[in-house]
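Structural overview
Listed below, chain by chain, are the residues.
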Amino acid sequence: MIELEGVPELIDPVMVAAFEGWNDAGDAASTAVAHLEREWKGEVFAALDAEDYYDFQVNRPTVWMDAGVRKITWPTTRLSVVRVGGDKPRDLVLVRGIEPSMRWRSFCNELLGFAHELGVELVVVLGALLGDTPHTRPVPVSGVTSDPDLAQRMDLEETKYEGPTGIVGVLQEACTHAGVPAVSLWAAVPHYVSQPPNPKATLALLNRLEDLLDLRIPLGELPEDARAWQVGVDQLAAEDSEVAEYVQTLEEARDTAELPEASGEAIAREFERYLRRRDVNPPPGPGGHATADGTDSAPYLRDSPGNPAGKARPPRPPRPDTPGSAGEGGDPGPDGEDTSED
């Protein structure tokens, strides 16, 4: 039995979790939870024992100085709680850590023990994967669940993924077996520029979380950071004609795939969601990690000893008459899977 001292009774609590590692392309998911913790001044109330779950040769502890005294910070997973104010206040239990090296089932059971003691009503796990998506378009974010009733009620996809998985997928299935409603939100990060940070993907995850939980998240400087990130990648891509051509190919594929959705009704729905998130009046007048196929991938636009300008060549895109590449268009899904048939 997990005993929690000093944690007040929570209001409609939701657990929001993210883990660094394979499930966190561009650090987009872990940065999103860190943003929530920072903006709402989360208070850490528990940490899992690092000895139980981490290989310290893979995730090494760090040494730092505190008033002249050397201290060690161990890699682990920490839980904090924040209260979201407004007309309908509620609490978020934030889980932020590193994908464990071992004992995944025990790891998930310990987190679910906290969820049970705190009365958590829903678990939302954030993830990010590498996909065939252009950096110039809105970041695709998919919401998936293993619960068919929850999928219908919250307008989510019901996952049918088969293949390699990470701690996000394992935790979601553990929730399902424990009878705890669980959702995974996945952002697709352009595979040719996968190095962190990726504020555009972080912003997309937070916007989707706002819609899912019907709350407003203070975004701070994230929108400006996302714009600056895109300008920077635009400049990198413009320096290499092959990269620019590849990005254009991804844009055309994305625009063609989304053409049926670009109706006046769809645009109006998206605009209404934006206004609801930001709580503003409409103006006058008429958005090495898991990939979409579950494999690992390395970034393309990155610095390397023989490539200081970050001009590595992307692979040639498939011909129009050949089967689609990773994820049949790069749609994200749990654990970095292809959800094109979900």
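An account of the accompanying structure is given in this report. (Residues numbered from 1 in each chain as written. Predicted model: local features only at pLDDT ≥ 70, side-chain atom pairs only at ≥ 80, totals over all residues. Heavy atoms only, no water.)

**Description of the overall build of the protein chain**
Each helix and strand in the protein chain was counted, giving ten helices and twelve strands. Looking at the protein chain as a whole, 46% of its 342 residues are labelled buried. (Helix = DSSP H or I, 4+ residues; strand = E, 2+ residues; numbered from the N terminus. Buried < 20%, exposed > 50% of the residue type's maximum accessible area, 1.4 Å probe, protein only.)

**Some thoughts on the state of the cysteines**
For the coordinates displayed, the defined rule picks out zero disulfides. The thiol of Cys-108 is not disulfide-bonded; the next cysteine sulfur, from Cys-175, is found 7.6 Å away. Accessibility expressed as a relative area gives 1% for Cys-108, which makes it buried. (Disulfide = S-S within 2.5 Å.)

**Digging into helix H3 (residues 104-118)**
An ideal rise of 1.5 Å per residue puts 21 Å on 15 residues; H3 measures up with 21 Å between its terminal C-alpha atoms. Among the residues of H3, Phe-107, Cys-108, Leu-111, Leu-112, Gly-113, Phe-114, Ala-115 and Leu-118 are the ones counted as buried. Where H3 is buried, its residues touch strand E1 (14-20), strand E2 (43-47), helix H2 (50-53), strand E5 (78-84), strand E6 (90-98) and helix H5 (167-178). Two residues or fewer after H3 comes Gly-119, characterised by a positive phi angle close to 75°. (Expected span 1.5 Å × (residues − 1). Contact = heavy atoms within 4.5 Å.)

**A closer look at the packing of helix H1 (residues 28-39) against helix H6 (residues 199-213)**
One way to put it is that H1 packs onto H6 with a least axis distance of 8 Å and a crossing angle of 60°. Relative to H6, the element H1 lies oblique. In this structure, the crossing between H1 and H6 has a hand that is right-handed. On the side of H1, the interface is formed by Ala-28, Ala-29, Thr-31, Ala-32, His-35 and Leu-36, while H6 contributes Ala-201, Thr-202, Leu-205, Leu-206 and Leu-209. Residues of the contact of H1 with H6, tallied by class, amount to eight nonpolar, three polar and no charged. (Axes fitted to C-alpha atoms, helices over the stretch in contact; angles between N-to-C directions. Parallel < 35°, antiparallel > 145°, perpendicular 65-115°, else oblique. Left-handed = near helix turned anticlockwise from the far one by under 90°. Nonpolar A, V, L, I, M, F, W, Y, C, P; charged D, E, K, R; others polar.)

**A few points about H6**
Here H6 contains 15 residues, and its C-alpha end-to-end distance of 21 Å stays within 8% of the 21 Å for a straight helix at 1.5 Å per residue. By the criterion of burial, H6 is predominantly enclosed, with 14 of the 15 residues buried. Backbone geometry just after H6 places Asp-214 at a positive phi near 55°.

**A word on empty space enclosed by the protein**
Of the volumes computed, that of the largest cavity is approximately 40 Å³. Lining the largest cavity are Thr-133, Pro-134, His-135, Arg-137, Pro-138, Val-139, Pro-140, Ala-188, Pro-190, Lys-200 and Trp-229. (1 Å grid on protein atoms, 1.4 Å probe; cavity = no way out; pocket = protein on both sides within 12 Å on 5 of 7 lines; lining within 4 Å. Points joined across faces, edges and corners; volume = space filled by probe spheres on them.)

**Topic: the sheet that holds strand E10 (residues 182-190)**
Pairing is mixed in the open sheet, where eight strands are placed in the order E2-E5-E6-E1-E7-E10-E8-E9. Two strands close off the open sheet at either side, each with one partner strand: E2 and strand E9 (157-158). Packed onto the sheet, H5 meets E1, strand E7 (122-131), strand E8 (141-145) and E10 and runs at close to 165° relative to E10. (Pairing = 2+ DSSP bridges.)

**A short note on the packing of H3 against H5**
For any two helices packed against each other, one specifies the inter-axial angle together with the distance between the axes. Interhelical geometry of H3 versus H5 gives an angle of 55° and a closest axis separation of 10 Å. If you check the angle between H3 and H5, you find them oblique. Helix-helix and strand crossings are classified by hand; for H3 and H5 the assignment is right-handed. Across from Trp-104, Phe-107, Cys-108, Leu-111 and Leu-112 in H3, the residues of H5 making contact are Ile-167, Val-170, Leu-171, Ala-174, Cys-175 and Ala-178. Tallied by class, residues from the contact of H3 with H5 come to eleven nonpolar, no polar and no charged.

**A word on the pairing of strand E4 (residues 69-73)**
Note that strand E3 (residues 62-66) and E4 share five bridges and pair antiparallel. Bridged to Met-65 within E4 is Arg-70.

**Some points on the side chain of Asn-198**
Looking at the element boundaries, Asn-198 is found in the loop between E10 and H6. Discounting residues that sit within four places of it in the chain, Asn-198 has contacts with Gly-26, Ala-28, Val-189, Pro-190 and Trp-229.

**Remarks on the environment of Ala-34**
Summarising the element assignment, Ala-34 is placed in helix H1. Each C-alpha atom, one on Ala-34 and one on Ala-18, is 9.1 Å from the other, the two residues being 16 residues apart in sequence.

**Thoughts on the pattern of salt bridges**
A full pass over the atoms with the stated rule returns five salt bridges. For Glu-251, the salt bridge identified is with Arg-137, shortest N-O distance 3.8 Å. Of the two residues, Glu-251 is situated in helix H8 (residues 241-258) and Arg-137 in the loop between E7 and E8; the sequence distance between them amounts to 114 residues. Linking Arg-227 and Glu-224 is a salt bridge whose minimum nitrogen-to-oxygen distance equals 3.0 Å. (Salt bridge = Lys/Arg side-chain N within 4 Å of Asp/Glu carboxyl O.)

These figures come from the coordinates and say nothing about function on their own.
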